[in-house]
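Descriptive analysis of the structure
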Amino acid sequence: MLFPGFSLLLGLLMAGGAQGGCVEVASGTEAVLGAPFRLLCIACKRRSETPAQAESEWFFRPEGAPHFQKILHYTPEEGQWVAPGPFEGVLAWNGSRGTPDLQDLSVWLAAVGRAHAGLYVCRLRRNLTFQGYVYSLARNKTLRLAVVDTARRDLASIVSEILMYVLIVVLTLWLAAEMLYCYRKVAAAAPPPDSASEYLAITSESKENCAGVQVAE
């Protein structure tokens, strides 16, 4: 992708209501066979001042399969658990660390295989501690991952590149027009060479006449 920051910028513009420093950005949905890939899952907490404890679970359903299976469980106290099978030794926690609350629930695939294509569910379980009681909530985010042989550019990358070249052309034409306008304006304001010589001669004569008048007085 030519402009990897485009998706992040779009997420910043659309993340109304989230706390400062946390932006819920959508994950990529296309991975290259044999390459590493990060499954992105962000669950921002609306009120940062509220104490919270959280844990995360990931579920996976292969293409054509009827049911989901649990593939990863992570808690800040116990760390990660990865289910045996196609994700063992490949899948790893890549989210928040060193805090009892979790906002980044992302995971890392070290080498994407054909068996990793399918539907993923990222689940957050969060306990918010208020005065006198604990409020529990759960959030699910679903994403579909496709595995391809070679990387393909997405529409956002193509559109952003086209807009960049259009902007360069427009700015170049505008600069050329401004330079031409300024040149013509300066040329029109400058007197012709003969007029300039005549003006200097009249100015010198005027100074001599003024000096003679002062002496006479």
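Rules behind the numbers
What you see as residue numbers is a count from 1 along each chain, following the sequence as written. For a predicted model such as this one, the threshold for reporting local features is a pLDDT of at least 70, and the threshold for listing and counting side-chain atom pairs is 80 or more; totals across whole chains, interfaces and linings nevertheless cover every residue. The side-chain numbers reported here are obtained from all heavy atoms of the structure, hydrogens and water having been left aside. Helix and strand labels come from DSSP, where a helix needs a run of H or I of at least four residues and a strand needs a run of E of at least two; each type is numbered from the N terminus. For every residue, the accessible area (1.4 Å probe, protein chains only) is compared with the maximum for its type, and the residue is labelled buried under 20%, exposed over 50%, or partly exposed between those bounds. Every residue pair with non-hydrogen atoms within 4.5 Å of one another is taken to be in contact. Accessibility throughout is a Shrake-Rupley quantity obtained with a 1.4 Å probe, and a residue counts as covered only by protein chains that appear here. Think of it this way: DSSP has to see at least two bridges between two strands before they count as a pair. An axis is simply a line fitted to the C-alpha atoms; with a helix, the fit covers only the stretch in contact. Between two such axes, the angle follows the N-to-C directions and lies from 0 to 180 degrees. Planes of paired rings set the category: under 30 degrees apart is stacked, over 60 is edge-to-face and the rest tilted, where pairs are Phe, Tyr or Trp rings (Trp by its six-membered ring) whose centres lie within 6.5 Å. By salt bridge we mean one thing: a side-chain nitrogen of Lys or Arg within 4 Å of a carboxyl oxygen of Asp or Glu. What makes a nonpolar core is a set of buried Ala, Val, Leu, Ile, Met, Phe, Trp, Tyr and Cys residues whose side-chain atoms join them at distances within 4.5 Å.

A separate point is the overall build of the protein. Secondary structure assignment for the protein yields three helices and nine strands. Across the 217 residues of the protein, 29% fall into the buried class. If you take every contact in the protein between residues at least 6 apart in sequence, the share linking residues at least 24 apart comes to 59%. If you sum the accessible surface of the protein, you get close to 14,400 Å²; carbon and sulfur atoms cover 61% of it.

Let's shift gears to the sheet that holds strand β8 (residues 118–130). Pairing between the strands of a sheet is mediated by backbone hydrogen bonds and can be parallel or antiparallel. One open sheet accounts for six strands, arranged β1-β9-β8-β3-β4-β5; its pairing is mixed. The two strands at the open ends of the sheet, each matched to only one other strand, are β1 (30–32) and β5 (79–82). If you compare each strand with its neighbour and ignore which way they point, the axes differ by 25° on average. Sheet analysis places β8 next to strand β9 (residues 133–148), joined by 13 bridges and oriented antiparallel. Residue pairing across strands places Arg-126 opposite Leu-137, the latter belonging to β9.

All right, on to the packing of aromatic side chains then. Evaluated as defined, the whole model comprises six aromatic pairs. Plain terms: the ring middles of Phe-130 and Tyr-133 are 5.5 Å apart, the flat faces sit at 25° to each other, and that makes the pair stacked. On the basis of relative accessibility, which here comes to 49%, the residue Tyr-133 falls in the partly exposed class.

Attention now moves to the pairing of β5. Where strand β4 (residues 69–75) and β5 come together, four bridges link them in antiparallel fashion. The residue bridging Tyr-74 from the neighbouring strand is Gln-80, located in β5. Where β4 hands over to β5, the hairpin turn is made up of three residues, counted between the paired strands.

Let us now look at the pattern of salt bridges. Side chains carrying opposite charge are able to pair once their charged atoms draw close together. As enumerated under the stated definition, the model contains eight salt bridges in all. Of the charged contacts in the structure, one is a salt bridge between Lys-70 and Glu-57, with a shortest N-O distance of 2.8 Å. Here Lys-70 is found in strand β4, whereas its partner Glu-57 is found in strand β3 (residues 52–62), with 13 residues between them in sequence. With relative accessibility at 32%, the residue Lys-70 sits in the partly exposed group. A salt bridge links Arg-144 to Glu-63; the shortest N-O distance between them is 3.3 Å. One end of the pair, Arg-144, is in strand β9; the other, Glu-63, is in the loop between β3 and β4, and 81 residues separate them in sequence. It is possible to trace a salt-bridge network through shared partners that takes in Glu-24, Arg-139 and Lys-141.

Once that is clear, we can look at the pairing of β9. Bridge count between β1 and β9: three bridges; the pairing is parallel. Residue pairing for β9: Val-32 is matched across the bridge by Val-148. Between β8 and β9, which pair antiparallel in sequence order, lie two residues; one of them, Gly-132, sits at a positive phi of approximately 95°.

Here we come to the nonpolar core. Leu-39, Trp-58, Leu-72, Leu-109 and Tyr-120 are the most contacted members of the largest nonpolar core, which has 28 residues in total. Within the residue set of this core, elements represented by two or more residues are β2 (37–39), β3, β4, β6 (91–93), β7 (107–109), β8 and β9. If sequence neighbours within four positions are ignored, Tyr-120 has contacts with Leu-39, Trp-58, Phe-59, Phe-60, Ile-71, Phe-87, Leu-109, Lys-141, Thr-142, Leu-143 and Leu-145. Formed by five residues, the second largest nonpolar core is a distinct cluster that contains Cys-22, Val-25, Leu-40 and Cys-44.

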